[in-house]
Amino acid sequence: MKKILFSIASLLFLCSFAPERDEKAIPSGEKLVFAGSYNMSGLMTQLAQVTMSTELVSTAKNSYLHLNCELSTFSKWDSFFKIRDIYEAYVNPTTLKPSLYKRSIDEGGYIKKEKYAFKGTTVTSTVKKRKGPETTKTFTIGGSTQDVISLLYKVRAIDFSKFKEGQSQSFMIVFDEKQIPVTLKYMGTETVKAGNLGNKLCYKLSIGAKTDALRGKDKNLIWLTADAKKVPALMKFSIPVGTGQLTLTSATGI
């Protein structure tokens, strides 16, 4: 189950091109809801809900866009394996450059909390697992490396109409206190169902990452609506123990 949820998180978060970015503000008050399904005995079975939302928040000195993502199993599956995960990022509202990233996971009783503070190319992480002691680590990242959640939102500012089929881009994310290389490949357009948005023409993207959690060539995919919003409409993943998908059910405030 942990690999399934890692794959869901990966497909939500590991989706970003770096070049030719067209700066457009992500709206505050946006809410995207997905149904997470896993192939059980040949049938796609809905196990969880994923909710992504944005909110503009202010401190005495700065304003930030709060990016929030929550993953929860449906109640009928809680007795089998209860999951309550929260991923958060506080970013510059215009550039989406992160200042703070937080991750809180509760998966079948396994609890872990993380906090990453960004300052230039330096990250200070604070991590606590289960009942163990809290640990702190400071490490260096590349100038374009970001947390996983803010990258998903940056991808939606890119003009994919300028990309050629088969074009790919490599970049770095920071996750579990280390940098991870990720590659995204543009695979053209397809029309898919996008929840309350109806059938939408979408950009189809293939995800590759140096991790054992994702398997198969062009088996881990995401579809973004081929419009100015670039809303994630469908995601499919392939892992060592099976396959699954996330389907958009509701998009509001976009």
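Up top you'll find the structure we're talking about.
Throughout, a residue's number is its position along its own chain's written sequence, starting from 1. Predicted model: local features are reported for residues with pLDDT of at least 70 only, side-chain atom pairs are reported and counted for 80 or more only, and whole-chain, interface and lining totals are derived from all residues. The basis for every side-chain value is the complete set of heavy atoms in the structure, and neither hydrogens nor water enter the calculation.

Asker: Give me the side chain of Lys230: which residues, what numbers.
Answerer: Assignment of secondary structure puts Lys230 in the loop between β13 (221–225) and β14 (232–239). Under the scheme applied here, a residue whose accessible area is under 20% of the maximum for its type counts as buried, over 50% as exposed, and between as partly exposed, the area being computed with a 1.4 Å probe on protein chains only. None of His or the chain ends enter the tally, which takes Lys and Arg as positive and Asp and Glu as negative. Salt bridge, as applied in this entry: a Lys or Arg side-chain nitrogen positioned within 4 Å of an Asp or Glu carboxyl oxygen. Although Lys230 is buried, it forms no salt bridge, and the closest oppositely charged side chain is Asp159 at an N-O distance of 5.7 Å. Excluding residues within four positions of it along the chain, Lys230 makes contact with Val155, Arg156, Ile158, Asp159, Phe160, Tyr203, Leu224 and Thr225. Secondary structure follows DSSP: runs of H or I at least 4 residues long count as helices, runs of E at least 2 residues long count as strands, and numbering of each begins at the N terminus. Contacts are assigned to residue pairs with any non-hydrogen atoms lying within 4.5 Å of each other.

Asker: Now, about the pairing of strand β15 (residues 242–252): what can you tell me, with residues and values included?
Answerer: Alignment of strand β1 (residues 31–40) against β15, held across 8 bridges, turns out to be antiparallel. Pairing of Val33 across the sheet is with Ser250, part of β15. Note on pairing: two strands pair once DSSP finds at least 2 bridges between them. As paired strands, β14 and β15 are joined by 6 bridges and run antiparallel to one another. Along β15, the bridge assignment pairs Phe237 with Gly244.

Asker: So what's going on with the environment of Leu32? Residues and values would help.
Answerer: Considering the arrangement of structural elements, one finds Leu32 in strand β1. Residue Leu32 is classed as buried on the basis of its relative accessible area, which comes to 1%. Between the alpha carbons of Leu32 and Val231 there is a distance of 8.4 Å; along the sequence they are 199 residues apart. Here Leu32 is in contact with Val50, Thr51, Met52, Arg156, Val231, Pro232, Leu248, Ser250, Ala251 and Ile254, once residues within four sequence places are set aside.

Asker: Describe the pairing of strand β4 (residues 83–91), naming the residues involved and giving the relevant values.
Answerer: Sheet topology places strand β3 (residues 63–73) next to β4; 8 bridges connect them, and they run antiparallel. Counted as the bridge partner of Asn68 is Glu88 from β4. Pairing of β4 with strand β5 (residues 98–107), which is carried by 9 bridges, proceeds in the antiparallel orientation. The partner of Arg84 across the bridge, within β5, is Asp106. Between β4 and β5, which pair antiparallel one after the other, the connecting turn spans 6 residues, and Leu96 there sits at a positive phi close to 65°.

Asker: So what's going on with unusual backbone geometry? Residues and values would help.
Answerer: Backbone geometry at Leu96 places phi at a positive 65°, although glycine is not the residue there. Residue Leu96 is classed as buried on the basis of its relative accessible area of 4%. In this structure, Asp176 is a non-glycine residue whose phi angle is positive, near 55°. Counting through the fold element by element, Asp176 comes out in the loop between β10 (168–175) and β11 (178–193).

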